[in-house]
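Here is how the chains run, residue by residue.
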Amino acid sequence: MLGLLLVGCGSSTSKAATPAAQKLEREDLAAASRALQSVQAPVSREVSATKAAWPLIANGLPADVSAVSSSPAAARAALSAAQLPIPKLFSEAAARTLTGPASQIAGLYRSYALLSTRGWRLLYASLTQIESGTPAAARFARANAALYIESIYDAHFTLAQIGKKLTAGYEKLGGSADFDGALTRAQVDALARTYSEASDRLHPHVALRLGS
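Residues numbered from 1 in each chain as written. Predicted model: local features only at pLDDT ≥ 70, side-chain atom pairs only at ≥ 80, totals over all residues. Heavy atoms only, no water.

**Some thoughts on the packing of aromatic side chains**
- This structure, assessed with the given rule, holds four aromatic pairs.
- Each ring, one from Trp54 and one from Tyr153, has its centre 6.1 Å from the other, and the planes form 35 degrees; the classification is tilted. With Trp54 in helix H3 (residues 40–57) and Tyr153 in helix H8 (residues 135–159), this residue pair connects regions lying 99 residues apart in the sequence.
- Judged by its relative accessible area of 3%, Trp54 is buried.
- Counting every residue linked through ring pairs, the aromatic cluster contains Phe90, Tyr109 and Tyr112. (Phe/Tyr/Trp six-rings, centres within 6.5 Å; stacked < 30°, edge-to-face > 60°. Helix = DSSP H or I, 4+ residues; strand = E, 2+ residues; numbered from the N terminus. Buried < 20%, exposed > 50% of the residue type's maximum accessible area, 1.4 Å probe, protein only.)

What follows is the structure in structure tokens.
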């Protein structure tokens with residue numbers, strides 16, 4: 001998936017050979033979890049809005065693109081994507097300092113936000129070209145629209161991986177016994193439900209072709 005290819009490298013998950021390294025990874029994972037909690041509301045808005053608009057574009061752009069460009073559902077999805085925040089901890093610069101699973105989570109979230117925002121922005125730019133550009137520009141825009149639709153899909157596929165990474169990291173680093181209240185099982189489970197395939201994946205995933 002394109003989204004996973006864009007995940008920042010950062011500090012990859014280490015084998016945590018020392019207690020000090022494990023302690024740092026637990027601190028980073030707890031901080032990443034707090035960052036995920038802080039953006040739950042805007043993420044939920046974006047996911048809900050995009051799910052509502054997805055049937056308009058899942059099979060590619062219709063012959064009459066005004067069905068998309070004039071759709072309130074599509075407009076809400078594009079706006080909610082544009083308003084997605086990236087927590088400071090998940091910024092490219094700050095994420096380089098993260099260790100263990102927190103580094104992967106930061107990269108996944110950042111890729112989701114960028115893919116969704118850019119996908120909707122470029123799709124709307126294509127709609128403008130199709131409706132009011134020159135014939136050549138309109139043909140080019142329609143031929144490439146599938147890339148932007150795929151970007152939106154990939155954004156949500158990427159978002160849906162965060163919960164699994166969080167849960168696996170929590171278990172690897174000792175679970176509730178070793179986190180000592182800094183990150184509880186209940187908090188992890190709640191976040192895992194929010195950032196999951198059941199909550200975030202878009203359906204259907206139609207095999208769009210470039211130029212369709």
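**Section: the confidence of the model for the chain**
- Overall, the predicted model of the chain reaches an average pLDDT of 92, with 89% of residues at or above 70.
- Scored below 50 in pLDDT, residues 2–16 shows 41 contacts in the model against residues more than four places distant or in partner chains. (pLDDT = per-residue confidence, 0-100. Contact = heavy atoms within 4.5 Å.)

**Comments concerning the environment of Tyr124**
- As for its placement among the helices and strands, Tyr124 is situated in helix H7 (residues 101–132).
- Residue classification places Tyr124 among the partly exposed residues on the basis of a relative accessible area of 21%.
- The sequence separation of Tyr124 and Ala75 amounts to 49 residues, and the corresponding C-alpha distance is 9.1 Å.
- Setting aside its immediate chain neighbours within four residues, Tyr124 contacts Val68, Ser69, Ser71, Ala74, Ala75 and Ala78.

**Quick notes on the side chain of Ser151**
- Inspection of the secondary structure assignment puts Ser151 in helix H8.
- Excluding residues within four positions of it along the chain, Ser151 makes contact with Leu115 and Gly119.

**A short note on H3**
- Compared with an ideal rise of 1.5 Å per residue, which puts 18 residues at 26 Å, H3 spans 25 Å between its outermost C-alpha atoms and is within 8% of the ideal.
- The sharpest bend along H3 reaches about 35 degrees and sits at Lys51, with the proline Pro55 one to four residues further on.
- Taken together, the buried positions of H3 are occupied by Pro42, Val43, Glu46, Val47, Ala49, Thr50, Ala53, Trp54 and Ile57.
- Buried residues along H3 sit in contact with helix H4 (66–69), helix H5 (72–82), H7, H8 and helix H12 (197–200). (Expected span 1.5 Å × (residues − 1). Bend = angle between axes of the 7 residues up to and from the residue.)

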